[in-house]
Amino acid sequence: LGWACWKTYVGRPEVHNAHISAMGQLGNCLGAAKHHEAALSVKETELSILRRVGAREDRMLVAQTNLAITYQGLGRFEEASRMIGDVYSGYLRLEGVEHEDTLRAALNYAISLVKLKRFEEAKALLRKMMPVARRVLGASHDYTLRMRWNYAETLYKDAGASLAGLREAVSTLEETEQTARRVLGGAHPIT
């Protein structure tokens, strides 16, 4: 599908939205097929074109997110985390703390920090954003539930975790699991 999309629009000027969208689709399809090296080249080019043509910032943030996913697929977790952090900062500046895109970016950033075992940073971010997600999206929203789940991970995966921290992790996971089961059903992947 990605190649078909690209072939259809490759002849258009690079400033044309269809050309850039086709490039994004091609990069995403290559990534989904685990051709991360090829996807990297396409996604870096897409971001470069977006910058060159002066695309809207929200469009560039989406391209950066997709590029960070490719970095993760290549095992380049530090680069991915830096870029995801930049995306979070971008959405925070562009949309404000209570926007759904900002909350998703915060969740993605926290997940990247947990992967790098930077538990204190992830914990601080999640402590700040969980109440916002609960207030804006509701206690049963996917992002809110995933923030709580990841917060618990920061508590129990940390080698220096205290007994109180482990108890908080258990309590958080039990509450999150109950809410997720009630809202999403027992067959959902996070229940």
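Structure first, text after, so check above.
Residues numbered from 1 in each chain as written. Predicted model: local features only at pLDDT ≥ 70, side-chain atom pairs only at ≥ 80, totals over all residues. Heavy atoms only, no water.

The subject of this paragraph is the overall build of the protein chain. Scanning the protein chain from N- to C-terminus turns up 9 helices and 0 strands. Listing each helix as α and each strand as β along the protein chain from the N terminus yields α-α-α-α-α-α-α-α-α. With the principal axes as the frame, the protein chain shows a C-alpha extent of 60 × 35 × 30 Å. By residue count, 40% of the 191 residues in the protein chain fall in the buried class. Considering only contacts in the protein chain between residues 6 or more positions apart, those separated by 24 or more positions represent 50%. Charge-centre separation for the protein chain: the mean point of 26 positive side chains lies 2 Å from the mean point of 22 negative side chains. (Helix = DSSP H or I, 4+ residues; strand = E, 2+ residues; numbered from the N terminus. Buried < 20%, exposed > 50% of the residue type's maximum accessible area, 1.4 Å probe, protein only. Contact = heavy atoms within 4.5 Å. Lys, Arg positive; Asp, Glu negative; His and termini not counted. Charge placed at Lys NZ, Arg CZ, Asp CG, Glu CD.)

Bending of helix H7 (residues 119-137) peaks at approximately 30° at the position of Met-129, with proline Pro-131 no more than four residues after it. Listed as buried for H7 are Phe-119, Ala-122, Lys-123, Leu-125, Leu-126, Met-129, Met-130, Val-132 and Ala-133. Within two residues after H7, Gly-138 carries a phi angle of roughly 105°, on the positive side. (Bend = angle between axes of the 7 residues up to and from the residue.)

The next subject is the side chain of Asn-150. Along the polypeptide, Asn-150 turns up in helix H8 (residues 142-156). Beyond its immediate sequence surroundings of up to four residues, Asn-150 is in contact with Leu-107, Ile-111, Val-114 and Leu-126.

Turning our eyes to something else, we now look at the nonpolar core. Core analysis: the largest hydrophobic core is formed by 45 residues, its most contacted members being Tyr-88, Leu-125, Met-129 and Met-147. With near-sequence residues (within four places) excluded, Tyr-88 lies in contact with Thr-102, Ala-105, Ala-106, Tyr-109, Leu-125, Lys-128 and Met-129. (Core = buried A, V, L, I, M, F, W, Y, C linked by side-chain atoms within 4.5 Å.)

Below, the discussion takes up the packing of aromatic side chains. By the definition in use, this model includes 1 aromatic pair. Taking the centre distance of 6.2 Å and the plane angle of 25° together, the rings of Tyr-88 and Tyr-109 count as stacked. One end of the pair, Tyr-88, is in helix H5 (residues 77-95); the other, Tyr-109, is in helix H6 (residues 100-115), with 21 residues separating them in the sequence. (Phe/Tyr/Trp six-rings, centres within 6.5 Å; stacked < 30°, edge-to-face > 60°.)

To continue, consider the side chain of Thr-154. With respect to the helices and strands, Thr-154 occurs in helix H8. Reaching out from Thr-154, the side chain makes a polar contact with the backbone oxygen of Tyr-151 at a distance of 2.5 Å. In contact with Thr-154, other than residues within four places in its own chain, are Val-114, Phe-119, Ala-122, Lys-123 and Leu-126. (Polar contact = N/O pair within 3.5 Å; in protein donor to acceptor, adjacent residues only side chain to side chain.)

All right, on to the environment of Arg-167 then. Mapped onto the fold, Arg-167 is located in helix H9 (residues 163-184). Exposure remark for Arg-167: the relative accessible area of 57% places this residue in the exposed category.

This part is about the packing of H7 against H8. Where H7 meets H8, the axes come as close as 9 Å, and the angle between the chain directions of the two elements is 155°. With respect to their mutual orientation, H7 and H8 come out roughly antiparallel. Of the two elements, H7 crosses H8, and the hand of that crossing is left-handed. Of the residues in H8, those touching H7 at Phe-119, Ala-122, Lys-123, Leu-126, Arg-127, Met-129, Met-130, Ala-133, Arg-134 and Leu-137 are Tyr-143, Thr-144, Met-147, Arg-148, Asn-150, Tyr-151, Glu-153, Thr-154 and Leu-155. (Axes fitted to C-alpha atoms, helices over the stretch in contact; angles between N-to-C directions. Parallel < 35°, antiparallel > 145°, perpendicular 65-115°, else oblique. Left-handed = near helix turned anticlockwise from the far one by under 90°.)

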